[in-house]
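These are the residues of each chain, in order.
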Amino acid sequence: MLPDKSFLLKLAQSDPSELSALEREKVAFLNRERLTRPLVMVNSSTSGTVAGAKETWEAIEQYVADRSIEIDLRESGSIGLSSEEPVISVQLPERTRVFFSRVTADKVSSVLDDLFHQVIPDQMLIGQLRREGQVPWNDVSYLDEIPFFALQQRIVMEECGIIDPFSFGEYVARSGYEAFLKIIRSYTFSEVCDLVTRSGLRGRSGGGFPAGKKWKVAFDTPSDQKYLICNAEESDPGAFMDRTLMEGNPFQLLEGISIAAYAIGSNRAYIYIRSEYKDAIRRIDNAIWQLREMGLLGDNILDSGYNLQISLRKGPGAFVCGEETALIASLEGRRGMPCSKPPYPSTAGYLGRPTVVNNVETLSNLPGIIRNGPEWFRGIGLEDCTGTKIFSISGRVRISGLVEVPMGTTFDTIVNDIIGGVNKGRELKALHVGGPLGCMVPVEMMNIPVSFENMKSRDLVLGSGGILVMDDRTCVVNTVRYFMDYVDKQSCGKCIPCREGTRRMAEILGSITRKPADEEQYSTLERFKGVMQLENMAEVMKDTSLCGLGQNAPNPVLSTLKYFRQEYEEHIFDRKCPSNTCTELRSWFIDVDMCTGCSICAKRCPVEAIIGTARHPYFIVQEKCTGCGICYDVCKFTAVYYK
Amino acid sequence: MGIKLEVNGRAIEAVKGETILTALNRNGMHVPTICSMKDFSPSGACRMCVVEVEGRENLVPACSFPIEKPLKLKTHSPRVLRARKTNVELLLSNHPDDCLYCERNGSCELQSLSEDLNIRERRIPGKKSPHKIDKSSPAIVMDLTKCILCGRCVRVCEELMSTSCLDFAHRGNELQISTTLAKPLNFSNCTACGQCLIACPTGALTEHVQFPELETYIHDPGKTVVGQYSPAVAVSVAEQLGYRPGTDLSGIINAVLRRYGFDYVFETAFGAEVMIMEQARIYDERDQESQDYPLITSSCPAWVQFVEQFYPELIPHLSPLKSPQQLTGILVRNWFTRLKELEGKDIVSVVISSCTAAKSEARRMEMTHSGIPVIDLVITTRELARLIRFNGLDLEQLEPEAPDSPFHSAGTAGQLTGVAGGEAEATVRTIYRQMTGKDLAPAKLHRFRIHRSYREMTVKAGNNEIRMGTVSGLSNAVALLEEIRSGKKKLDLLEVMACPDGCTNGGGQPLPVDERIIRTRSKAVYDIDNGGSIHTAHQNPAIRRLYEEFLGEPGGEVPRDLLYTTFTKREVLL
Amino acid sequence: MVTETARIDEILDRFPQIKRNALIPLLQAVQDEFGYISEEAIVRIGAHLSLPTSKVYGLATFYNQFSFSPRGVYHIALCNGSSCHLGGSGELFGELIKLLEIGDGETTRDGLFSLEVQSCIGACGQSPVMAVNGTYFSGITVKELREIIKQYREDASG
Ligand SMILES: Cc1cc2nc3c(=O)[nH]c(=O)nc-3n(C[C@H](O)[C@H](O)[C@H](O)COP(=O)(O)O)c2cc1C
Ligand code: SF4
Ligand code: SF4
Ligand code: FES
């Protein structure tokens with residue numbers, strides 16, 4: 001069901017003060033300041049679904065059906081608390097909206113029972129949303145007062161998890177499409193380029209390339225057709241900011257795409273999205289359809305003479321397709337192998353035409369920049385690095401989720417203050433920033449104010465903003481090996497340094513984190529040869545690889561060799577993993593006092609390394625043991641331990 | 001528009017837009033390359049050509065970096081050399097250590113690269129990708145353990161040969177060259193033209209070697225080994241034996257083969273002249289006016305297979321003749337044995353050819369007679385050279401000898417089939433005679449000899465016109481056929497050679513090749529024709545004798561039984 | 001019963017434009033319809049787009065989404081994103097290999113299970129995560145995994 005088209009278009013183009021009282025009333029309902037019946041929103045995006053949001057949804061439906069309560073049940077995106085899912089929010093007429101975490105199906109009735117009796121259950125409570133004109137709940141903290149939100153500055157994620165991603169009306173009522181309509185009415189293409197250049201917006205995918213500058217090149221290159229591509233591949237495992245933006249506020253992204261396409265004078269835009277992102281695809285599909293119905297996509301948009309088509313293309317799955325030239329190859333129906341640059345896509349990209357590729361987060365920034373002006377944007381963040389950045393934080397942390405902070409915020413603030421640090425009793429060891437192509441930031445460097453330059457000057461990279469938090473129980477070498485294994489499988493294989501280099505580095509790292517079956521002279525020698533070559537290989541890969549994948553693949557290795565050399569040496573020389581995570585380096589022993597001589601371990605040991613006689617303590621022959629730990633698993637008397 | 005480059009401190013001029021590599025090469029400077037190929041757009045995959053450009057953070061590939069403004073660069077700085085060396089070492093870390101046993105030992109680009117970069121030990125250890133050797137094809141062996149994934153074969157097969165039998169499959173450390181669904185080559189749409197193995201820098205693609213089998217036959221006293229070699233072999237085998245390219249060794253080959261142990265030696269050119277006689281007859285009988293397509297030659301086995309796979313609708317326009325080596329072979333089995341009173345089963349018929357597809361052709365059902373293969377073994381020019389060295393035969397000690405009778409052809413029409421356009425030229429000479437009763441002066445057709453992949457010429461023969469054309473390289477053939485189909489081009493006789501420039505550049509020819517070498521080989525063939533005295537098949541006394549004593553009339557019953565064949569559509573994954 | 005050929009035809013009809021950039025959407029449609037890409041599909045798609053089959057095959061093998069053998073009744077997607085890796089997905093993978101005797105991208109002989117390791121399912125907060133035919137299991141241990149597999153086996157036989 002679509003809201004009244006002409007009203008929405010009028011709304012998007014006018015100042016609230018110009019509206020009649022009746023119209024303002026209508027807006028209040030649209031943006032859910034006012035309600036006629038209780039509103040319940042369930043985060044149905046991926047992180048919610050995995051935690052059981054679907055069951056929660058069904059339980060809510062059942063609950064209201066049983067009691068014949070009329071409510072408005074809606075899907076929402078995520079507010080960024082991924083580890084606290086399923087998150088639901090409830091808003092009773094006249095009251096502020098309250099958010100709850102971990103509301104699994106079995107908890108639904110207790111939460112709703114309380115609420116419908118005007119009581120706030122204190123279990124599972126997150127906080128209430130500050131909105132004018134609504135009656136707040138007593139003794140319930142506002143979201144912006146709890147540390148997780150208080151220290152963030154949400155400009156891109158502002159509406160994520162709060163608005164209904166399927167409702168164009170709500171988006172418009174929250175100032176949506178004001179920006180796009182403004183530019184197609186009163187700005188020339190190059191004025192938009194200039195405006196965005198002045199805002200200092202830089203690409204959020206990691207490179208930090210100034211967006212306006214890239215557009216200008218494409219705009220200045222003469223061609224019969226130009227393309228804008230929204231890079232929604234988000235191939236980096238452990239990063240989920242783009243997905244959350246698309247699931248939480250798809251119209252914002254589409255408005256951003258429209259603005260960017262207009263700026264470069266393009267009539268054709270594509271969103272290249274990972275095919276696994278089913279929920280995001282569903283929302284964007286719906287949003288595109290609504291925009292078409294509204295006449296905001298298609299030919300001659302609102303009689304401006306400007307045409308724009310946006311199509312969604314599902315990426316069939318390859319990490320390297322996040323790289324822009326590989327992405328373009330994939331769109332063209334080829335193997336996703338990158339091409340040499342120059343020529344850059346901005347002069348010769350999709351089908352040989354000027355093409356701008358921008359990241360979801362970059363594009364989602366645009367409506368705000370146009371609406372509030374470039375100076376507003378410059379006021380956020382650092383001088384040379386304006387605006388905010390979203391980080392997705394996971395790993396050994398109390399809360400994992402999304403954090404949007406101004407550029408220049410320190411890692412310390414992000415991890416310790418906002419997320420609340422690592423789990424109790426553990427110690428923070430390092431941050432792995434930027435995914436498989438990123439780098440390891442040691443604790444001592446947590447006070448770097450985050451920006452592209454500040455990272456670069458320390459031989460680190462920011463990447464797309466995934467932060468994997470490691471505590472003292474995680475092994476640096478093993479983590480680096482994991483990333484290298486990953487990159488090795490994901491390299492397109494086109495160029496030698498990347499294809500062969502990642503494979504060799506993964507093997508060498510593997511040999512460090514494993515005890516060889518027999519430590520013979522020869523294999524020891526080979527292993528050492530490999531280790532000696534690590535640094536050389538890493539540098540040559542950086543220097544000669546064709547695309548960013550190969551050039552950045554050595555980052556984890558180089559940064560850890562620099563900051564965690566000690567840990568490598570322990571693995572290499574002492575054959576010990578200080579955090580005891582490299583299973584294959586562990587040495588197992590049997591506690592003579594605990595062992596009852598049941599012999600189960602000896603029977604199960606795959607290499608017959610355990611000897612002894614029944615009913616007497618058994619013994620592990622270290623020379624034979626491969627460290628698999630099966631004995632530990634099978635012992636019923638916890639007699640097996642490792643050192 | 002000159003742009004100044006400073007290379008290793010020396011100033012050179014470059015043209016705006018050209019690549020660094022082009023500029024360097026024009027100025028006589030050299031950087032190593034693997035993936036880059038002349039006349040193909042750069043792929044920038046191997047990173048061997050990297051150079052240091054001032055102001056760029058990373059090294060840049062010379063082969064694909066367009067020059068837009070003045071640059072300062074270093075081609076052999078320590079940084080560049082280390083990068084190249086490490087990358088070659090990385091390649092070697094996934095390469096078998098069996099150079100000594102490799103087909104390409106001595107002609108391998110990887111080998112010479114590691115030599116040039118002074119790689120003397122295996123510094124990078126590692127596991128090697130496991131691959132099975134694909135020996136299913138009678139012509140081509142694919143050993144992917146030796147593949148360095150440069151992609152040259154893929155591009156040649158697609159862009160030059162329009163076959164696209166091979167492509168990259170999978171990615172990362174599993175990346176490999178593969179046919180559709182990883183089928184063995186013999187069950188793919190490979191036409192066995194062998195251009196990929198000419199392109200391949202290493203021993204990953206090689207011919208299916210048969211000369212050790214030949215060894216056993218030669219030393220078997222119960223066998224009569226009969227050999228024939230094709231015209232292109234005679235002008236190119238010399239290269240691999242240390243002679244100047246273009247040296248014609250025809251007579252010497254006769255001597256060397258006899259010395260080696262062949263009982264009889266013939267030239268495939270003889271079969272080619274028989275083919276010309278029949279082809280001229282077919283042309284004569286064909287009602288050209290009612291046809292959309294010209295009469296198309298069928299002497300190139302790779303071309304024939306290509307038509308059967310991709311253009312079965314053209315089969316009726318192919319001349320229904322067997323190839324020259326098959327024709328020679330069949331005459332050996334059916335006439336020569338009779339003359340010499342030899343038992344068919346004791347004969348081993350060996351073809352020495354510039355063509356790898358001939359190896360596949362020899363196994364085709366259509367090429368058997370009464371179920372028995374006509375040709376037992378096919379060895380390539382390269383194998384011949386190795387065989388000569390293997391047996392320590394010294395060419396310097398030998399005097400040229402003539403082929404054996406009754407196929408001792410003194411004519412040059414058959415020899416011409418060694419170059420692209422030669423078959424058309426020789427056929428037209430005989431057609432002209434049929435039409436006018438007169439012989440055409442050979443020089444009249446010399447205009448047809450320019451070095452181009454496609455050429456055409458209209459010859460006036462009395463009241464008739466013969467519009468002849470020749471095209472080489474399958475992609476060029478595809479383009480031409482499209483023009484003919486759409487009616488833009490009208491031809492009466494079309495010669496098609498699968499390999500670019502025809503048999504002189506066949507898949508079995510000595511390596512390395514470049515355009516200059518191919519031109520010299522072609523020139524050598526033309527020189528033979530220019531220097532000969534009998535230029536037409538119909539004037540050749542040996543051919544006359546053959547028809548008088550055995551075949552009867554061209555197009556008659558015996559030729560139809562022995563020399564003609566039928567082609568059928570082939571079902572493969574295209 | 002509609003034949004495979006007819007079903008492929010139906011998909012091809014949906015992509016009337018014979019441009020190369022229709023190749024991936026076409027393969028995706030076939031993959032969604034059949035759960036894998038058959039030889040017939042490769043041939044038909046190649047013919048439809050005038051592309052050599054080697055190119056179709058070469059492209060399809062590049063991407064994770066396409067498989068060439070039918071999927072199992074239960075398709076297991078195991079997340080091996082960085083967070084799930086820290087959470088122990090490596091051990092789960094090892095256990096699955098032992099339990100099912102198949103590797104990544106393979107299907108058991110009896111056609112019951114197929115296994116696919118994904119780079120990030122998108123639920124990093126709840127690692128390690130696994131999905132069986134779209135049903136998610138989060139924060140599972142090796143022991144629980146054995147139970148889950150056992151349960152599916154019983155479901156299938158019962
Ligand atoms: C290996 C590799 C993977 C990449 N993956 C992504 C990705 O998943 N998402 C993305 O937006 N950009 C990715 N990029 C960056 C893109 O190439 C491109 O620079 C970016 O989309 C430009 O957008 P921006 O200027 O808005 O940052 C990747 C780059 C490389 C080298
Ligand atoms: S660096 Fe890696 S991913 Fe990039 S082109 Fe080379 S092989 Fe492919
Ligand atoms: S087979 Fe030879 S030509 Fe083909 S990619 Fe491998 S090394 Fe290159
Ligand atoms: S020759 Fe330049 S990259 Fe291979």
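To start, this report covers the structure provided alongside it. (Residues numbered from 1 in each chain as written. Chains lettered and ligands numbered in written order. Predicted model: local features only at pLDDT ≥ 70, side-chain atom pairs only at ≥ 80, totals over all residues. Heavy atoms only, no water.)

### A look at the overall build of chain B
Then, in step 1: When helices and strands are tallied, chain B shows 19 helices and 19 strands.
Then, in step 2: Taken over the C-alpha trace, chain B has a radius of gyration of 25 Å; the compact-globule value for 574 residues is 25 Å, and the two agree within 12%.
Then, in step 3: Principal-axis analysis of the C-alpha atoms places the extent of chain B at approximately 80 × 55 × 50 Å.
Then, in step 4: Taken over 574 residues, chain B has a buried fraction of 61%.
Then, in step 5: When contacts within chain B are restricted to residue pairs at least 6 apart in sequence, those whose partners lie at least 24 apart make up 73%.
Then, in step 6: Counting only carbon and sulfur atoms, one obtains 50% of the accessible surface of chain B, whose full area is about 22500 Å².
Then, in step 7: Computed over 67 positive and 71 negative side-chain charges, the separation of the two mean positions in chain B equals 6 Å. (Helix = DSSP H or I, 4+ residues; strand = E, 2+ residues; numbered from the N terminus. Rg over C-alpha atoms; globule rule 2.2 N^0.38 Å. Buried < 20%, exposed > 50% of the residue type's maximum accessible area, 1.4 Å probe, protein only. Contact = heavy atoms within 4.5 Å. Areas by Shrake-Rupley, 256 points an atom, 1.4 Å probe, with all protein chains shown as cover. Lys, Arg positive; Asp, Glu negative; His and termini not counted. Charge placed at Lys NZ, Arg CZ, Asp CG, Glu CD.)

### Concerning the pattern of salt bridges
All names here are of chain A.
Then, in step 1: Enumeration according to the criterion identifies 84 salt bridges over all chains in this entry.
Then, in step 2: The partner of Arg-37 in a salt bridge is Glu-70, and the shortest N-O contact between them spans 3.5 Å. Of this pair, Arg-37 sits in the loop between helix H2 (21-30) and strand E1 (39-43) while Glu-70 sits in the loop between helix H4 (53-67) and strand E2 (72-76), and the two are 33 residues apart along the sequence.
Then, in step 3: Accessibility expressed as a relative area gives 34% for Arg-37, which makes it partly exposed.
Then, in step 4: Here Glu-145 makes a salt bridge to Arg-130, at a shortest N to O gap of 3.5 Å. (Salt bridge = Lys/Arg side-chain N within 4 Å of Asp/Glu carboxyl O.)

### Structural notes on helix H9 (residues 250-260) of chain B
Then, in step 1: Most of H9 of chain B sits inside the fold, with nine of its 11 residues counted as buried.
Then, in step 2: Taken together, the buried positions of H9 of chain B are Ser-250, Gly-251, Ile-252, Ile-253, Asn-254, Ala-255, Val-256, Leu-257 and Tyr-260 of chain B.

### Describing the interface of chain B and chain C
Then, in step 1: Taken residue by residue, the interface counts 18 residues in chain B and 14 residues in chain C.
Then, in step 2: Of all residues in chain B, the largest losses of buried area upon contact with chain C belong to His-170, Arg-171 and Leu-181 of chain B, amounting jointly to 39% of the total for that side.
Then, in step 3: The interface formed by chain B and chain C includes three salt bridges.
Then, in step 4: A salt bridge links Lys-55 of chain C to Asp-167 of chain B, with the nearest nitrogen and oxygen atoms 3.5 Å apart.
Then, in step 5: Our enumeration of links across chain B and chain C arrives at nine residue pairs in polar contact (both at pLDDT 80 or more). (Buried area = accessible area lost by both parts, 1.4 Å probe. Polar contact = N/O pair within 3.5 Å; in protein donor to acceptor, adjacent residues only side chain to side chain.)

### Digging into the pairing of strand E13 (residues 439-442) of chain A
Residues and elements named next belong to chain A.
Then, in step 1: A two-sided burial pattern is seen for E13, the buried positions comprising Cys-439 and Val-441 on one face and Met-440 and Pro-442 on the other.
Then, in step 2: Direction of pairing for strand E12 (residues 428-433) relative to E13: antiparallel, over a ladder of four bridges. Paired with His-432 across the bridge in E13 is Met-440.
Then, in step 3: Linking two consecutive strands that pair antiparallel, namely E12 and E13, is a turn of five residues; a positive phi of about 95° is found at Gly-434 within it. (Pairing = 2+ DSSP bridges.)

### A short note on the site of ligand 1
All names here are of chain A.
Then, in step 1: Taken together, 18 residues form the shell around ligand 1, and within it Ser-205, Asn-231, Asn-358, Asn-359 and Thr-362 come nearest.
Then, in step 2: In the environment of ligand 1, an oxygen atom lies 3.5 Å from a nitrogen or oxygen atom belonging to the backbone of Val-357.
Then, in step 3: Within the side chain of Asn-358, an N or O atom sits 2.9 Å from an oxygen atom of ligand 1.
Then, in step 4: Coverage of ligand 1 by the protein amounts to 86% of the 610 Å² it exposes when considered alone.
Then, in step 5: Going through the elements one at a time, strand E9 (355-359) and helix H23 (548-552) are the ones with two or more residues in the shell around ligand 1.
Then, in step 6: Among the elements that take part in the shell around ligand 1, E9 stands out by supplying three residues, more than any other. (Near = heavy atom within 4 Å.)

### Considering the sheet that holds strand E14 (residues 466-471) of chain A
Residue and element names in this part refer to chain A.
Then, in step 1: Pairing within the open sheet is mixed, and its five strands lie in the order E11-E10-E14-E12-E13. Looking at strand neighbours, the two that pair on one side only are strand E11 (401-406) and E13, the edges of this open sheet. For this sheet the average axis-to-axis angle between neighbouring strands, irrespective of direction, equals 30°.
Then, in step 2: Where strand E10 (residues 388-395) meets E14, four bridges bridge the pair, whose relative direction is parallel. What sits directly across from Ile-393, in E14, is Ile-467.
Then, in step 3: Helix H11 (residues 241-248) contacts E10, E11 and E14 of the sheet and is inclined by roughly 110° relative to E10.
Then, in step 4: Contacts from helix H24 (residues 555-563) reach E12 and E13, with the element oriented near 25° to E13. (Axes fitted to C-alpha atoms, helices over the stretch in contact; angles between N-to-C directions.)

### Some words on the site of ligand 3
Then, in step 1: By nearness alone, every residue bordering ligand 3 is listed as Cys-147, Ile-148, Leu-149, Cys-150, Gly-151, Cys-153, Ile-177, Cys-200, Pro-201, Thr-202, Ala-204 and Leu-205 of chain B.
Then, in step 2: Along the lines of polarity and charge, the residues of the shell around ligand 3 split into 10 nonpolar, two polar and no charged. (Nonpolar A, V, L, I, M, F, W, Y, C, P; charged D, E, K, R; others polar.)

### With respect to the sheet that holds strand E18 (residues 464-472) of chain B
All names here are of chain B.
Then, in step 1: Strand order in this open sheet of four strands is E12-E19-E18-E17, and the pairing throughout is mixed. Because the sheet does not close on itself, it has two edges, and the strands there are strand E12 (295-296) and strand E17 (454-461).
Then, in step 2: As judged from the two bridges shared by E12 and strand E19 (residues 493-497), these two strands associate in the parallel manner. Note that in E19 the partner of Ile-296 across the bridge is Leu-494.

### A closer look at the packing of aromatic side chains
Then, in step 1: Counted under the stated rule, the structure contains 37 aromatic pairs over all chains.
Then, in step 2: Ring plane angle 85° and centroid distance 4.8 Å describe the contact between Tyr-227 of chain A and Tyr-350 of chain A, whose orientation is recorded as edge-to-face. Here the residue Tyr-227 of chain A occupies a position in strand E6 (residues 227-232), and Tyr-350 of chain A occupies one in the loop between helix H14 (324-331) and E9, the gap between them amounting to 123 residues.
Then, in step 3: For Tyr-350 of chain A, a relative accessible area of 0% gives the class buried.
Then, in step 4: Ring plane angle 85° and centroid distance 6.5 Å describe the contact between Phe-137 of chain C and Tyr-152 of chain C, whose orientation is recorded as edge-to-face. Linking Phe-137 of chain C in strand E4 (residues 135-138) with Tyr-152 of chain C in helix H7 (residues 142-157), this pair joins segments that are 15 residues apart in sequence.
Then, in step 5: Taken together, the ring pairs in this structure connect Tyr-264, Phe-266, Phe-270, Trp-335, Phe-336, Phe-407 and Phe-550 of chain B into an aromatic cluster.
Then, in step 6: Lying across the ring of Tyr-142 of chain A, Arg-130 of chain A places its NZ or CZ 3.9 Å from the centre.
Then, in step 7: The ring of Phe-62 of chain C has Arg-171 of chain B sitting right over it, with the charged end atom 5.9 Å from the ring centre. (Phe/Tyr/Trp six-rings, centres within 6.5 Å; stacked < 30°, edge-to-face > 60°. Lys NZ or Arg CZ within 6 Å of the ring centre and 35° of its normal.)

### A short note on the environment of Gln-252 of chain A
Residues and elements named next belong to chain A.
Then, in step 1: Of note, Gln-252 is situated in helix H12 (residues 250-264).
Then, in step 2: Here Gln-252 falls in the buried class, since its relative accessible area comes to 9%.
Then, in step 3: Spatially, the C-alpha atom of Gln-252 lies 9.1 Å from that of Gly-368, the residues being 116 residues apart in sequence.
Then, in step 4: Leaving out residues up to four positions away in the same chain, Gln-252 has contacts with Ile-155, Val-156, Tyr-171, Leu-245, Ser-364 and Pro-367.

### Topic: the packing of helix H1 (residues 5-13) of chain A against H2 of chain A
All names here are of chain A.
Then, in step 1: Relative orientation of the contacting elements H1 and H2 amounts to 95°, with a least axis distance of 12 Å. Taken together, the axes of H1 and H2 are roughly perpendicular relative to one another. Contact residues: H1 offers Phe-7, Leu-8, Lys-10 and Leu-11, while H2 offers Glu-23, Lys-26, Val-27 and Leu-30.
Then, in step 2: Among the residues forming the contact of H1 with H2, the class breakdown is five nonpolar, no polar and three charged. (Parallel < 35°, antiparallel > 145°, perpendicular 65-115°, else oblique.)

### Thoughts on the interface of chain B and chain A
How big an interface is tends to be stated in terms of the accessible area lost upon association of its parts.
Then, in step 1: Across the contact, 42 residues belong to chain B and 38 residues belong to chain A.
Then, in step 2: Buried area between chain B and chain A, both sides added, is near 3300 Å², and the carbon and sulfur share of it is 48%.
Then, in step 3: On the chain B side of the interface with chain A, the three residues burying the most area are Pro-125, Arg-171 and Asn-173 of chain B, jointly 19% of the side's total.
Then, in step 4: Here chain B and chain A share three salt bridges between them.
Then, in step 5: Across the salt bridge formed by Asp-543 of chain A and Arg-79 of chain B, the nearest N and O atoms sit 2.7 Å from each other.
Then, in step 6: The tally of links from chain B across to chain A stands at 22 residue pairs in polar contact (both at pLDDT 80 or more).
Then, in step 7: Contributing elements (two or more residues each) for the side of chain B that touches chain A: helix H2 (78-93) and strand E7 (167-169) of chain B.
Then, in step 8: Ranked by residue count, the leading element in the side of chain B that touches chain A is H2 of chain B, at eight residues.
Then, in step 9: Taken together, the residues of the side of chain B that touches chain A sort by class into 18 nonpolar, 13 polar and 11 charged.

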